[in-house]
Amino acid sequence: MEKRYQGNRLRQGRYSEAGRVYHVTAVTNGRYPWFADYHLARQVCRTLLWSDQAGATSTLCYVLMPDHLHWLFQLGDGESLSKVMLRVKGRSGRLCGSAVWQRGYHDHAVRKEESIRDVARYIVANPLRAGLVSSLRDYPYWNAAWL
């Protein structure tokens, strides 16, 4: 049985709420480790900062793994989650010189009863769980607002 892209079904019922905190995961095409390359990884990190400076997002934390991104941010006023992701993935792909991102993304709207700091701790611990480093201070592609 052929597996088909089901991004349209994933988007059904998706709702963006300005001021809401979202945890988004975006994956590279074919899970290729594009961001093992320092220069490409820096382009994505710069793009997240660009999104914040444009007022589209307010980053709480992120970690860029070799083949995917975890990003926790508050959505800016007048912004939609899908447009933010389209702009961020498009711009970072252009800066990297390739279509690095897989179509779609996974999002989770953080609920009021969830601890944003616990979600952030989970996100930034990804390189540790993946065995890429033994100490987070040795991993260069992450940031958190609480530092």
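The structure under discussion appears in the preceding block.
A brief structural summary. Given the structure is predicted, the values throughout are model-derived calculations rather than measurements.

Here is what the cut-offs are and how they apply
- Residues numbered from 1 in each chain as written.
- Predicted model: local features only at pLDDT ≥ 70, side-chain atom pairs only at ≥ 80, totals over all residues.
- Heavy atoms only, no water.
- Axes fitted to C-alpha atoms, helices over the stretch in contact; angles between N-to-C directions.
- Helix = DSSP H or I, 4+ residues; strand = E, 2+ residues; numbered from the N terminus.
- Left-handed = near helix turned anticlockwise from the far one by under 90°.
- Contact = heavy atoms within 4.5 Å.
- Nonpolar A, V, L, I, M, F, W, Y, C, P; charged D, E, K, R; others polar.
- Expected span 1.5 Å × (residues − 1).
- Buried < 20%, exposed > 50% of the residue type's maximum accessible area, 1.4 Å probe, protein only.
- Arc of directions from axis to C-beta.
- Pairing = 2+ DSSP bridges.
- Phe/Tyr/Trp six-rings, centres within 6.5 Å; stacked < 30°, edge-to-face > 60°.
- Lys NZ or Arg CZ within 6 Å of the ring centre and 35° of its normal.

1. Brief notes about the packing of helix H2 (residues 38-53) against helix H3 (residues 81-96)
Phase 1 of the analysis: Where H2 contacts H3, the two axes come as close as 9 Å, and the packing angle between them is 145 degrees. Read as a crossing pair, H2 and H3 show a hand that is right-handed. Residues Leu40, Gln43, Val44, Thr47, Leu48, Trp50 and Ser51 of H2 form the contact with H3, whose own contacting residues are Val84, Arg87, Val88, Arg91, Ser92, Leu95 and Cys96.
Phase 2 of the analysis: Here the residues of the contact of H2 with H3 sort into eight nonpolar, four polar and two charged.

2. Notes on H2
Phase 1 of the analysis: Taking 1.5 Å of rise per residue, 16 residues should cover 22 Å, and H2 covers 23 Å from first to last C-alpha, within 8% of that figure.
Phase 2 of the analysis: Of the positions making up H2, those classed as buried are Leu40, Ala41, Val44, Cys45, Thr47, Leu48 and Ser51. Down the axis of H2, the buried side of the element spans an arc of 150 degrees, and every buried residue falls inside it. In H2, the exposed positions that point more than 90 degrees away from the buried face belong to His39 and Gln53.
Phase 3 of the analysis: Contacts from the buried residues of H2 go to strand S2 (57-65), strand S3 (68-75) and H3.

3. As for the sheet that holds strand S5 (residues 142-144)
Phase 1 of the analysis: Taken together, five strands build an open sheet; the order of strands is S4-S1-S3-S2-S5 and the sheet is antiparallel. For this open sheet the edge positions go to strand S4 (106-109) and S5, each flanked by a neighbour on one side alone. On average, adjacent strands in this sheet sit at an angle of 20 degrees to one another, irrespective of strand direction.
Phase 2 of the analysis: Inspection of the sheet shows strand S1 (residues 21-27) paired to S3 by seven bridges, in the antiparallel sense. Each bridged residue has a counterpart across the sheet, and for Tyr22 the counterpart in S3 is Phe73.

4. Thoughts on unusual backbone geometry
Phase 1 of the analysis: The residue Arg31 is not glycine, and still its phi comes out positive at about 55 degrees.
Phase 2 of the analysis: Structurally, Arg31 is set in the loop between S1 and H2.

5. Notes on the packing of aromatic side chains
Phase 1 of the analysis: If you walk through the whole model with that rule in mind, you get six aromatic pairs.
Phase 2 of the analysis: Ring geometry for Tyr139 against Tyr141: centres 5.7 Å apart, planes inclined by 85 degrees, an arrangement best described as edge-to-face. The residues Tyr139 and Tyr141 share a single accessibility class, namely buried.
Phase 3 of the analysis: Taken together, Tyr22, Trp71 and Phe73 form an aromatic cluster joined through their ring pairs.
Phase 4 of the analysis: Over the aromatic face of Tyr122 sits the side chain of Arg129, whose NZ or CZ is 4.0 Å from the ring centroid.

6. Details of the pairing of S2
Phase 1 of the analysis: Taking burial as the measure, the nine residues of S2 include eight buried ones, the bulk of the element.
Phase 2 of the analysis: One ladder, built from eight bridges, connects S2 with S3; its direction is antiparallel. For Thr57, the partnering residue across the bridge sits in S3 and is Leu75.
Phase 3 of the analysis: The hairpin turn running from S2 into S3, its antiparallel successor, is two residues long.

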